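Secondary and tertiary structure notes
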Amino acid sequence: MRLSSKVDKLPYSPIRKLVPFAEQAEKAGKKIYYLNIGQPDLPTPQEAIQFLKDNIPEVIAYSHSAGMEELRRKFQGYYASQVGVDLPLSSFLVTTGASEALIFTFSVLLNSGDEVIIPEPMYANYIGFASVVDATVKPITSKIEEGFALPPINEFEKLITPRTKAIMICNPNNPTGYLYSYDELRQLAELIKKHDLWLIVDEVYREFTFDGKKHISILTFEDLRDRTIVIDSVSKRYSACGARIGLVVSANEQFMDAVLRMAQARLSPPTLGQILSLGLLRLSMEVVMNMVKEYEKRRDVTIEALKQIEGVIVPKPSGAFYTVAELPVDDAEKFSKWLLTDFDYEGETIMFAPAAGFYINKEFGKKQVRIAFVLEADKMERAMRILKEALEQYKSMQP
Ligand SMILES: Cc1ncc(COP(=O)(O)O)c(C=O)c1O
């Protein structure tokens, strides 16, 4: 019996790849600081959990395929007041996490063999989702020395072929933490219009910006309205990853109609997650902003500590809760595995996501790791101390 050839290209998650070694290390009694996964440790706001408890229906029924109307209206209101865009209700469709929003978007836009251009390093699941629709991701490499800024626009243009359907970015970026500027977005917008392409922007970390910098949603570019698709989620914004509630937002009616037909085929997004989300969207945005302040503190101690370690190259991210750092090692995956299997500092070690998995051109990420600053500031400080010790020991073992 044979599987579809599409799954041949489906990679294992770089975030979870080392999990078996971490399990072994834990069994051996080591304490691990998990910096590999974007699972926030902050509590999901209690008021929303209470709202869910108070509103559990007698029958956990399917909802409307596009999501409960009340929830879509709440999202519409949030987009009007927080993002600054007034869109009709038909522009919003609730999905099972941003993950399903991505699957719907790729399925609706891309034929087998079509191409989507994405700066790398990139959120690794884009590669997986493209491969299940048999589309090709054309990577364009952003560079650590440039803080992972948008590569020059003429480099994008060189990659455009008759098979190119879309350009996609993640803003702020996972894994790099880069926040795209107005000028960068404007240049992309012009290119998109010139070549009659779609622009997909994953804005799940929209609120996570630091140093007073402001996120600019692609939906505010009115001349691009008909060709933009935004991917959104409550997972990170409200520390509610398990609610599994995301969103596709687009003013293009033809696109939204096709997404609705896909949504109807899978019946409904999760009902309990939607009720929790209703509770989340009733909260003041101050709740989110307080979380962001906490992440900024964590970023500061992490970057400060990394900069003190000899041989480490790390840009200061302006958004999301990740950074990609280059380490003075031959192979960051080998080193990350060694941290779990052979190393400990006072019984403790750390777990990273080797960055090669976020690249299609793996060699660019060979010495890099993604570090998620999802632990409290003092734990991040301790983790960076452990990294320093580990790098010294690793170096002394090299021939
Ligand atoms: C950039 C990005 N997009 C999408 C997702 C998926 O989010 P969700 O939990 O809403 O499926 C994640 C999760 O880590 C992410 O980092």
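How each quantity is defined
Residues numbered from 1 in each chain as written. Predicted model: local features only at pLDDT ≥ 70, side-chain atom pairs only at ≥ 80, totals over all residues. Domains from an automatic or database assignment. Contact = placed C-beta atoms within 7 Å. Helix = DSSP H or I, 4+ residues; strand = E, 2+ residues; numbered from the N terminus. Nonpolar A, V, L, I, M, F, W, Y, C, P; charged D, E, K, R; others polar. Buried ≥ 20, exposed ≤ 12 C-beta atoms within 10 Å, placed from the backbone. Pairing = 2+ DSSP bridges. Right-handed = clockwise from strand over helix to strand, strands pointing away. Near = placed C-beta within 6 Å. Axes fitted to C-alpha atoms, helices over the stretch in contact; angles between N-to-C directions.

**Focus on the domain arrangement of the chain**
By convention, interface size is frequently given as the accessible area that disappears when the constituent parts associate. Looking at the assigned domains, one finds that the chain contains domain 1 (5–43 + 286–397) and domain 2 (46–284). Taking only C-alpha atoms into account, the centre of domain 1 sits 26 Å from that of domain 2. Tallying the contact residues gives 39 residues for domain 1 and 39 residues for domain 2. Listing elements by their share of the side of domain 1 that touches domain 2, those giving two or more residues are α10 (285–307) and β9 (322–326). Here the element with the most residues in the side of domain 1 that touches domain 2 is α10; it accounts for 8 residues. Residues that form the side of domain 1 that touches domain 2 fall into these classes: 23 nonpolar, 9 polar and 7 charged.

**Let's talk about the pairing of strand β3 (residues 115–120)**
A large share of β3 lies buried, amounting to 6 of its 6 residues. In this structure, β3 lies alongside strand β4 (residues 136–141), joined through 6 bridges in parallel fashion. By the bridge assignment, Val116 is partnered in β4 with Val137. In the classification by handedness, the crossover that spans β3, the intervening helix α5 (residues 125–132) and the parallel β4 is right-handed. Two elements, β3 and strand β5 (residues 164–170), share 3 bridges in a ladder whose sense is parallel. The partner of Val116 across the bridge, within β5, is Ala166.

**Examining the site of the ligand**
Near the ligand lie 13 residues; those nearest to it are Gly97, Ala98, Ser99, Ser233 and Ser235. Per-element accounting of the shell around the ligand gives the leading share, 3 residues, to helix α4 (residues 97–109). Here the residues of the shell around the ligand are counted per class, giving 5 nonpolar, 7 polar and 1 charged.

**Details of the sheet that holds strand β8 (residues 246–249)**
Either a parallel or an antiparallel arrangement is found when strands of a sheet pair, and the pairing is made through backbone hydrogen bonds. Here 7 strands make up an open sheet; going across it, the order is β2-β8-β7-β6-β5-β3-β4 and the pairing mixed. Two strands close off the open sheet at either side, each with one partner strand: β2 (92–95) and β4. For this sheet, the mean angle separating the axes of adjacent strands, direction not counted, is 25°. Across the sheet, helix α3 (residues 69–83) lies against β2 and β8, angled at about 120° from β2, the strand it touches most. Relative to the sheet, helix α8 (residues 253–265) contacts β2, β7 (228–233) and β8, its axis offset from that of β2 by approximately 30°.

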